[in-house]
Number of protein chains: 2
Amino acid sequence: MAKLRSAPTLDDVAKMAGVSTATVSRCLNTPDRVVEATRKRVQSAVDALGYTPNFAARVMAAKRSFTIGAIIPTMENAIFARGLQAFQEELHHRGYTLLVSSSAYKPDIEEEQIRTLIARGADGLLLIGHDRDPKIYDYLNQRKIPALIAWSYLPDSRLPSVGFDNRKAMFELANHVLSLGHERIAVISGIVEGNDRARLRVEGIRDAISHSGLESGDLKIVETPYEIENGATAFCELMKAETRPTAILCGNDVLAAGAMRQAQEMGLDVPDDVSITGFDDIELARIVSPELTTVHVPHREMGRKAALQLVEMVENQTDGEGEQLATRIVNRPSLGRPAQG
Amino acid sequence: MAKLRSAPTLDDVAKMAGVSTATVSRCLNTPDRVVEATRKRVQSAVDALGYTPNFAARVMAAKRSFTIGAIIPTMENAIFARGLQAFQEELHHRGYTLLVSSSAYKPDIEEEQIRTLIARGADGLLLIGHDRDPKIYDYLNQRKIPALIAWSYLPDSRLPSVGFDNRKAMFELANHVLSLGHERIAVISGIVEGNDRARLRVEGIRDAISHSGLESGDLKIVETPYEIENGATAFCELMKAETRPTAILCGNDVLAAGAMRQAQEMGLDVPDDVSITGFDDIELARIVSPELTTVHVPHREMGRKAALQLVEMVENQTDGEGEQLATRIVNRPSLGRPAQG
DNA sequence: ATTCAAAATGCAAGCGCTTACATATCTACT
DNA sequence: AGTAGATATGTAAGCGCTTGCATTTTGAAT
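What counts, and at which threshold
Residues numbered from 1 in each chain as written. Chains lettered and ligands numbered in written order. Predicted model: local features only at pLDDT ≥ 70, side-chain atom pairs only at ≥ 80, totals over all residues. Heavy atoms only, no water. Least-squares fit on C-alpha atoms with pLDDT ≥ 70 in both. Contact = heavy atoms within 4.5 Å. Buried area = accessible area lost by both parts, 1.4 Å probe. Salt bridge = Lys/Arg side-chain N within 4 Å of Asp/Glu carboxyl O. Nonpolar A, V, L, I, M, F, W, Y, C, P; charged D, E, K, R; others polar. Phe/Tyr/Trp six-rings, centres within 6.5 Å; stacked < 30°, edge-to-face > 60°. Lys NZ or Arg CZ within 6 Å of the ring centre and 35° of its normal. Domains from an automatic or database assignment.

Asker: Give a description of the relation of the copies chain A and chain B that names residues and reports values.
Answerer: The operation relating chain A to chain B is a screw motion whose rotation component is 180 degrees, with 0.0 Å of axial translation and a residual RMSD of 0.1 Å. In short, the pair behaves as if placed about a two-fold rotation axis. Measuring from the rotation axis to each C-alpha of chain A, the shortest distance belongs to Ala-56 of chain A, at 2.2 Å. When the interface residues of chain A are mapped onto chain B, 98% of them again fall at the interface, so both copies present the same face.

Asker: Just give me the short version of the interface of chain A and chain B, but keep the residues and values in it.
Answerer: In this complex, chain A contributes 47 residues to the contact, which on the side of chain B involves 46 residues. Counting the surface lost from both chain A and chain B, the interface buries some 4200 Å², and carbon and sulfur atoms represent 52% of this. Counting the surface chain A buries against chain B, the share from its top three residues, Glu-76, Arg-120 and Ile-287 of chain A, is 16%. Put simply, chain A and chain B have one salt bridge between them. In this structure, Arg-286 of chain B and Glu-229 of chain A form a salt bridge, with 4.0 Å as the shortest nitrogen-oxygen distance. Of the residues assigned to the side of chain A that touches chain B, the class counts are 20 nonpolar, 13 polar and 14 charged.

Asker: Pulling in residues and values, what's your account of the packing of aromatic side chains?
Answerer: For the coordinates displayed, the defined rule picks out eight aromatic pairs over all chains. Sitting over the face of the ring of Tyr-139 of chain A, Arg-115 of chain A holds its NZ or CZ atom 4.3 Å from the ring centroid. Over the aromatic face of Phe-55 of chain A sits the side chain of Arg-120 of chain B, whose NZ or CZ is 3.8 Å from the ring centroid.

Asker: Outline the domain arrangement of chain A, listing residues and values.
Answerer: Domain parsing of chain A yields domain 1 (19-53), domain 2 (63-164 + 298-325) and domain 3 (166-297). The C-alpha-based centres of domain 1 of chain A and domain 3 of chain A are spaced at 60 Å.

Set out below in structure tokens:
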């Protein structure tokens, strides 16, 4: 059995190059503080040995990890993929590594992940949405961990947020639907508890309805986790009603895709028999047919700006400031006028 | 400005509980080696202080991180999401944390990520596919880092693999298509270079064609990165031919979804004008309409088994053994008989 | 040649934890 | 009561790196 040759250390490099470990360290971290000749010597030792610095040791000594943690509700569907990708690209660009974990939409798991990420020395954290136990904010604050919230902008939140106004965005979409003449509207929403995005979207719809003078008690809402199957099930349920809705607003594109599939399965035409809308404008929205009317969210921009802001907070110890991004309605054929009622 | 209270350490806990740091450490790691009374005292100190062990310090001292690294080609589409999710669930179950990074299908980025993950103390690595610079295998071997390959099973690879036979799977699908009477077949493949999965799938198709006695020179292949848009573009290109193919086999469901969208855009009926098939059987396959005939890959099983195997390798210092999983063809309406030719 | 600030390098003290090994404290017997 | 053997706890040596401070070297300027 081959002998286990453990990884070369700074010491090995230093010996080989005939310098102190301090110098090697400087070569790696602040090369301009080392004269060229030495630097070259060290570099060749590094190459010869195939040296890679030990991350744990570095973090410990420097009390700095150049790592940012992000906790997202789920990796299973594409909702967060694009924004996160942009976030990570921008971080990489700034010399940071991203550590991602998912909470499966469970508050206690999220809390555990936050602790884990901090224990791992994350220099900063990205969180999704505002709804969570206040003691988490206390903890973050006490530990002075820079943290930023994305996917939902609120002006007076405890942590700065980079995102959009979920309520307003959905309000506008609902208004648009109403303006087309729809009077029987139903909603397939994500689980509202602990999810301000979902909650605010529903409120946006409520706003629009009461605004329009319609009977708001009529609004039927099904709450269900963000999964395609659930969209299908919820659609089924809504269509069982004596008087069917003419438009169904979904909390996101995934739910809407499920609804569309079910409509097709039931032989209903979209939008002639029923209109369906989504939210997010992920790729899925253009894959279903007919394509989905939805709210376009600038995911990449959001990810990029969140990265910039968070790095700024980390490096300059600032409190950071939020930023509201604009969304826009994307009109596609899944939404039409209601059938002659 | 509030004073920065830095994180409590083992020492703080030890002092508060009136024991040595060793005892506190044992309470946390091997509780049965500590008498109950002490354990309780320590526990309350931990709670009172809100102590969380410092990960870097722990890794350094224990030379063990309980972390597994995985490098996947992309997070942007769902191909790897499901399998990785299962992988991570099983790891979590076994007390390990998963660190994921993506290589964007670039070999040099993958190599960098491998080094990064090792520097971060990963106890083991999950890699996707077999095609990579042999020196990477040397490096892994020299450092004695347990590593496993997924998404492609090969009997005699340098590293054990848990996956399926891409060539055979596609061979069977192609045979099925041929048996329906298709004679003009085209392929939209992922980029083959450095991607044995893509390469083997194409070979599977070639096998089937030469097997069937058809002119294999006729096989038109477009190679393009795995993105929806590219599927659409490739479809376009293929349909420009003087004699259009009657069936298009795509390297995965994403490409197939793009092709479907483009077909619809061009007013072509699937499968009456042209049949389209995918590979993977991700959710997408059932969202497009008509639903996609594809090869079902047991993603979750693969992820789970990979986790089990890798943990076994890490904990028992074994070389690990590969496992071949079965795939199956899923027949859906995107594939039909060719139009009367 | 001398002198001296600036530049380059070395020294060594940690960072917060785990874990041999040493020591102290219990058991349950005789 | 005394003692061996098991059990519980303490001591202290690292793990591989960074960094403040001390020391040496360099390069002008005199």
